[in-house]
Amino acid sequence: MFLNEELLKGIHSRAAMYDKENSFPHEDHVALKEAGYYKAFVPKEYGGHGLSLKEIAHEQTRLAKAAPATALGINMHQIIVGVGKYMVRHGNKKGEQILKDAVEGHLLSFAISEPANDRVLFGSICEAKQEEDGGYRFYGPKVFISMVAECSRMVTYGMDENNGDPQSVFAYVENNAETIKIKPDWDTLGMRATQSYSVNLAGAYASKESILTKVEPGPSFDPVVFGIFSHFEILLAATYHGIGKRALELGIESVKKRKSIAQGTTYDQDKNIRWRIAESALILDSIQPQIDVLADDVENDSDHGDLWMPRLSAIKNYSVEASIKTVEEMVRASGGRSYYNDTELSRLLRDVYAGLFQPSDQESLHDSWATLLLGPIQK
């Protein structure tokens, strides 16, 4: 284990406050940075701690049990570090700058998602305009950009259509207030401490050396595109799995204390409540092994062929749905007190729903599997 229990206990103690204040968890990030978590996923030869994808996934699960929003925010940083690793391993040396920046203590984020764009990673509505020096400037709206007011670097992308051959241009850009305009609109049901504001790219600049790749729009095994997709889905799954595991712990604690007036016993002796606890544990039990296998397969370059992206989408969806089901069951088992805002279960219930909106969603998941199994819909 990389993150020690004392650190996690401190982070857990502040989670409710950050949620209530709808503020960024600055103290958490200071603690994580001092513990070396910003560079934990960086290979040792680049000055990091050399954790594997499976190991960082386990840490994300542990961190999410302590504070889901803090975990989801730093998750974006770890995904980008993972992309840098994957790029370098597959011959794209531009990933080295990402690794070096993480070691130097930079906080990294994503600017990928766009309003009403269900293509997500596979086709941008933002413009990528090439400059005379070979660099690019980016224009257009981005949404759900976690930690955008705090990060110093981010990965973004846009579409270059000037030459009649559309290309998705992925870049690593510095966070500049003049060209990345933040809209302070993050007032949400849950995951409040991520501070995932909307932004408008108003000429955000990436030099030629900071253009990570240019590819045709659509699914791709390009190291940047597949690196983002694979690390995003696996680490999201790991993070949301932590919410489910924590909810189960809280539910067990609650039913052992909560007493039935009618039965004269605590609810851990009620067969219906016991069924809810057992059902939730069964659902959660299948998630970790799938995360572990896929994490190892990404790092070992296993060949899943056309099933790679559908399987990655599946584990993200399974994890989120399992945790939603678990939180809901534990709320039912714990009774009306869990409906109050000062209870941790109430916060977990709000936080876990954020997973419904993050790619890949259920529609995309089922569409990819149906296309794989049945072929595309005839037009």
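As a reminder, the structure under discussion sits directly above these lines.
Predicted model, so just to flag it, every value in this text is computed and none were measured. Every chain's residues receive numbers from 1 upward, in the order its sequence appears when written. Side-chain atom pairs in this predicted model are given and counted only at pLDDT of 80 or more, local residue features only at pLDDT of at least 70, and totals for whole chains, interfaces and linings cover all residues. Excluding hydrogens and water, the side-chain values take into account all heavy atoms of the structure.

*Asks:* Mind showing me how you'd approach the overall build of the protein here?
*Replies:* Check the secondary structure of the protein and you find 11 helices and 10 strands. Taking 2.2 N^0.38 as the reference for a compact globule, 379 residues should give roughly 21 Å; the C-alpha atoms of the protein span a radius of gyration of 21 Å, in line with that estimate. Split into buried and exposed, the 379 residues of the protein put 56% on the buried side. Whether two residues are in contact is decided by their heavy atoms: any pair within 4.5 Å suffices. A separation threshold of at least 6 residues defines the contact pool for the protein, and within that pool the share at least 24 residues apart is 72%. Within the structure as shown, the protein displays about 17200 Å² of accessible surface, and the carbon and sulfur contribution to it stands at 51%. A run of H or I in DSSP becomes a helix once it reaches four residues, and a run of E becomes a strand once it reaches two; helices and strands are each numbered from the N terminus. Two things to know: the radius of gyration comes from C-alpha atoms, and the globule rule equals 2.2 Å times the number of residues to the power 0.38. Any residue under 20% of the maximum accessible area for its type is buried, any over 50% is exposed, and the rest in between are partly exposed; the area is computed with a 1.4 Å probe on protein chains only. Only the protein chains shown count as cover for residues, with accessible areas throughout obtained via the Shrake-Rupley method and a probe of 1.4 Å.

*Asks:* Would you take a moment to explain the pattern of salt bridges for this structure?
*Replies:* Oppositely charged side chains can pair when the atoms bearing their charge come close. One side-chain nitrogen of Lys or Arg within 4 Å of one carboxyl oxygen of Asp or Glu is enough to make a salt bridge. Enumeration according to the criterion identifies 18 salt bridges in this entry. Taking the shortest distance from any N to any O, the salt bridge between Asp19 and Arg350 comes out at 2.7 Å. Of the two residues, Asp19 sits in helix α1 (residues 5-21) while Arg350 sits in helix α10 (residues 344-352), which places them 331 residues apart along the sequence. Judged by relative accessible area, which is 10%, Asp19 ranks as buried. The residue Arg276 makes a salt bridge to Glu329 at a minimum N-O spacing of 2.6 Å. One end of the pair, Arg276, is in helix α7 (residues 271-285); the other, Glu329, is in helix α9 (residues 308-334), with 53 residues separating them in the sequence. On the accessibility criterion, Arg276 (23% relative accessible area) is partly exposed.

*Asks:* What should I look at first to understand helix α8 (residues 287-299) in this one?
*Replies:* Because the α-helix completes a turn every 3.6 residues, residues three or four places apart line up on one side. Under the convention used throughout, the expected extent of a helix is 1.5 Å for every residue step, that is, one less than its residue count. Here α8 contains 13 residues, and its C-alpha end-to-end distance of 19 Å stays within 8% of the 18 Å for a straight helix at 1.5 Å per residue. Looking at α8, one finds that the buried residues are Ile287, Gln288, Ile291, Asp292, Leu294, Ala295, Asp297 and Val298. Summarising the contacts, the buried residues of α8 are in contact with α3 (53-66), α4 (68-89), α6 (223-257), α7 and α9. Among the residues trailing α8, Asp301 stands out with phi positive, at a value near 55°.

*Asks:* Help me out: how do you make sense of the packing of aromatic side chains in this one?
*Replies:* Ring pairs shown here join Phe, Tyr and Trp side chains whose ring centres sit within 6.5 Å, with only the six-membered ring taken for Trp; geometry is labelled stacked below 30 degrees between planes, edge-to-face above 60, and tilted in between. This model, assessed by the stated rule, comprises 8 aromatic pairs. Ring centres of Tyr136 and Phe138 lie 6.3 Å apart, and the angle between their planes is 35°; this geometry places the pair in the tilted category. Residue Tyr136 is classed as buried on the basis of its relative accessible area of 1%. Geometrically, the ring pair formed by Phe221 and Phe226 is tilted, given 5.2 Å between the ring centres and 45° between the ring planes. Every member of this aromatic cluster is reached through a ring pair, and the members are Tyr86, Phe221, Phe226 and Trp308.

*Asks:* How should I be thinking about the nonpolar core in this particular structure?
*Replies:* Note on soluble globular proteins: their nonpolar side chains tend to be buried together. Of all hydrophobic cores here, the largest spans 110 residues; its most connected members are Leu63, Phe170 and Tyr240. With 17 residues, α6 is the largest single contributor of residues to this core. Leave out the neighbours within four places in its chain, and Tyr240 touches Leu72, Met191, Ser319, Val320, Ser323, Asp351, Val352, Ala354, Gly355 and Gln358. Remark: nonpolar core denotes a set of buried residues (Ala, Val, Leu, Ile, Met, Phe, Trp, Tyr, Cys) joined through side-chain atoms within 4.5 Å.

*Asks:* How should unusual backbone geometry be read in this particular structure?
*Replies:* Glycine aside, a negative phi is what most residues show, and trans is what most peptide bonds show. Residues Pro359 and Ser360 are joined by a peptide bond in cis, for which omega reads 0°. Note on placement: Ser360 falls in the loop between α10 and α11 (362-374). Notably, Met147 is not glycine yet its phi reads approximately 65°, a positive angle. Along the polypeptide, Met147 turns up in the loop between β3 (136-145) and β4 (153-160).

*Asks:* When you look at the environment of Gly47 in this model, what are you seeing that I'm missing?
*Replies:* You can see Gly47 is positioned in the loop between α2 (26-34) and α3. Taking the C-alpha atoms as reference points, Gly47 and Ser286, separated by 239 residues in sequence, lie 35 Å from one another. Leaving out residues up to four positions away in the same chain, Gly47 has contacts with Lys39 and Val103.

*Asks:* How should the state of the cysteines be read in this particular structure?
*Replies:* By definition, a disulfide is the covalent link that joins the sulfur atoms of two cysteine residues. Note on terminology: disulfide denotes any pair of cysteine sulfur atoms within 2.5 Å. Evaluation of the coordinates by the stated rule reveals 0 disulfides. Between Cys126, a free cysteine, and Cys151, which holds the nearest cysteine sulfur, the sulfur-to-sulfur gap is 16 Å. According to the relative accessible area criterion, Cys151 is buried, its value standing at 5%.

*Asks:* What exactly am I supposed to notice about the side chain of Glu59 here?
*Replies:* Mapped onto the fold, Glu59 is located in helix α3. Two N or O atoms count as a polar contact when they lie within 3.5 Å, although within protein this holds only if one can serve as hydrogen donor and the other as acceptor, and sequence-adjacent residues are included solely when both atoms are side-chain atoms. Side chain to side chain, Glu59 and Arg62 meet in a polar contact 2.7 Å long. In this structure Glu59 touches Met1, Phe2, Leu3, Tyr37 and Leu51, once residues within four positions along its chain are discounted.

*Asks:* So what exactly am I meant to see when it comes to the packing of α6 against α9 here?
*Replies:* When two helices pack together, their arrangement is given by the angle between the helix axes and by the axis-to-axis distance. Orientation is described by axes fitted as lines to C-alpha atoms, over the contacting stretch for helices, and by angles from 0 to 180 degrees between their N-to-C directions. Axis separation between α6 and α9 bottoms out at 8 Å; the angle between their running directions is 15°. By the angle between their axes, α6 is roughly parallel relative to α9. Crossing angle aside, the handedness with which α6 passes α9 is left-handed. The residue inventory of the contact of α6 with α9, partitioned by class, reads 18 nonpolar, 10 polar and 2 charged. For classification purposes, an angle smaller than 35 degrees is called roughly parallel, one larger than 145 roughly antiparallel, one from 65 to 115 roughly perpendicular, and anything else oblique. Throughout, a crossing is termed right-handed when the near helix is turned clockwise from the far one, and left-handed when it is turned anticlockwise from it by less than a right angle. All residues other than Ala, Val, Leu, Ile, Met, Phe, Trp, Tyr, Cys, Pro, Asp, Glu, Lys and Arg, Gly among them, are scored as polar; the first ten of these are nonpolar and the last four charged.

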